[in-house]
Amino acid sequence: TRIFYANDVPDGVATLAPAVGQANSVLCELTTLDRFFQDSGERIPTIVKADVEGAECAVLRGAGKILSAPEPPIWLLEMEDEQFARHGTSKAEIQSILNGYDYAAFELRGRRWMSCPDVRLAKCRNILWLRPSLTHHARRAKAAGIAIP
């Protein structure tokens with residue numbers, strides 16, 4: 001898979017879909033989260049932060065086994081319309097994928113995480129996803145002061 005980047009911006013930003021100014025590229029081997037955890041024998045993490053420049057849907061599609069595991073992770077996803085458009089995806093698609101695994105969205109309002117039933121209307125770009133029906137998610141949410149409806 002080809003990863004695109006800009007030489008003149010030393011911020012580490014790279015993407016699977018080239019943006020303006022990202023004319024340089026390098027070939028990389030990619031894997032899915034499911035394959036990584038299967039092959040490595042590592043334990044599924046408690047939380048996954050994904051800021052992959054609009055490729056969040058691809059990450060989730062490659063994580064079906066860990067999303068449906070008995071103790072799946074809590075997710076913190078950066079969600080920006082401009083980045084999704086470059087990959088032909090959307091906030092609604094992310095929500096559809098995660099709602100299919102019984103995840104609920106929460107956005108930061110002021111200093112509190114609040115329920116966000118429609119992520120297309122979210123004001124912040126980092127959305128927290130958890131499964132309120134799971135004891136370990138509900139316990140962590142409570143400890144963090146997250147109001148679960």
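Residues numbered from 1 in each chain as written. Predicted model: local features only at pLDDT ≥ 70, side-chain atom pairs only at ≥ 80, totals over all residues. Heavy atoms only, no water.

**Student:** Outline the overall build of the chain, listing residues and values.
**Tutor:** Helix and strand counts for the chain stand at six helices and eight strands. Order of helices (α) and strands (β) in the chain, N terminus to C terminus: β-β-β-α-β-α-α-β-α-α-β-β-β-α. Out of the 149 residues in the chain, the part that is buried amounts to 37%. Contacts spanning at least 24 positions in sequence make up 59% of the contacts within the chain whose residues lie at least 6 apart. Total accessible area on the chain stands at roughly 8,700 Å², and carbon and sulfur atoms take up 53% of it. (Helix = DSSP H or I, 4+ residues; strand = E, 2+ residues; numbered from the N terminus. Buried < 20%, exposed > 50% of the residue type's maximum accessible area, 1.4 Å probe, protein only. Contact = heavy atoms within 4.5 Å. Areas by Shrake-Rupley, 256 points an atom, 1.4 Å probe, with all protein chains shown as cover.)

**Student:** Tell me what's going on with helix α6 (residues 135-143), and back it up with residues and numbers.
**Tutor:** Along α6, the positions that sit buried rather than exposed are H136, H137 and A141. End-on, the buried residues of α6 take up no more than an arc of 135°, which puts them together on one face. Residues of α6 that are exposed and angled more than 90 degrees away from the buried face: T135, R139, K142 and A143. Close packing links the buried residues of α6 with β5 (74-78) and β8 (126-130). In the segment just after α6, G145 is the residue with positive phi, at about 75°. (Arc of directions from axis to C-beta.)

**Student:** Talk me through the packing of aromatic side chains; I want residue IDs and the actual numbers.
**Tutor:** For the coordinates displayed, the defined rule picks out one aromatic pair. On the basis of an interplanar angle of 80° and a centroid distance of 5.0 Å, the ring pair of F36 and F37 is categorised as edge-to-face. (Phe/Tyr/Trp six-rings, centres within 6.5 Å; stacked < 30°, edge-to-face > 60°.)

**Student:** How would you explain the nonpolar core if you had to name every residue and give the values?
**Tutor:** Among the nonpolar cores identified, the biggest contains 22 residues, and L60, W75, L77, M79, I94, L98 and W129 are the most heavily contacted of them. Of all the secondary-structure elements, those providing two or more residues to this core are β4 (47-50), α2 (56-61), α3 (64-67), β5, α5 (91-99) and β8. Among the elements that make up this core, the one with the highest residue count is α5 (three residues). Apart from residues lying up to four places away in sequence, L77 is in contact with A50, E56, L60, I94, L98, R125, N126, I127 and W129. Counting seven residues, the second largest nonpolar core, distinct from the first, contains L76, L128, L130 and I146. (Core = buried A, V, L, I, M, F, W, Y, C linked by side-chain atoms within 4.5 Å.)

**Student:** Give a detailed account of α5, specifying residues and quantitative values.
**Tutor:** For α5, the set of buried residues is K91, I94, Q95, I97 and L98. Considered in projection along α5, the buried side chains sweep an arc of 160° and stay on one side of the axis. Buried residues in α5 make contact with α2, α3, β5, α4 (81-86) and β8.

**Student:** Which residues make up the side chain of E78, and what values go with them?
**Tutor:** Locating E78 in the fold gives a position in strand β5. Judged by relative accessible area, E78 falls into the buried class, the value being 9%. Excluding residues within four positions of it along the chain, E78 makes contact with K49, A50, D51, E56, F84, R125 and N126.

**Student:** Would you mind going over the sheet that holds strand β7 (residues 112-115) in detail, with residue names and values included?
**Tutor:** Judged by pairing direction, the sheet is mixed, and its five strands sit side by side in the order β4-β5-β8-β6-β7 without closing on themselves. Sheet topology places β4 and β7 at the edges, where each strand pairs with a single neighbour. Geometrically, the sheet is characterised by an average inter-axis angle of 30° between neighbouring strands, direction not taken into account. Pairing analysis gives four bridges linking β4 to β5, with the strands arranged parallel. Directly across from V48, in β5, lies its bridge partner W75. (Pairing = 2+ DSSP bridges. Axes fitted to C-alpha atoms, helices over the stretch in contact; angles between N-to-C directions.)

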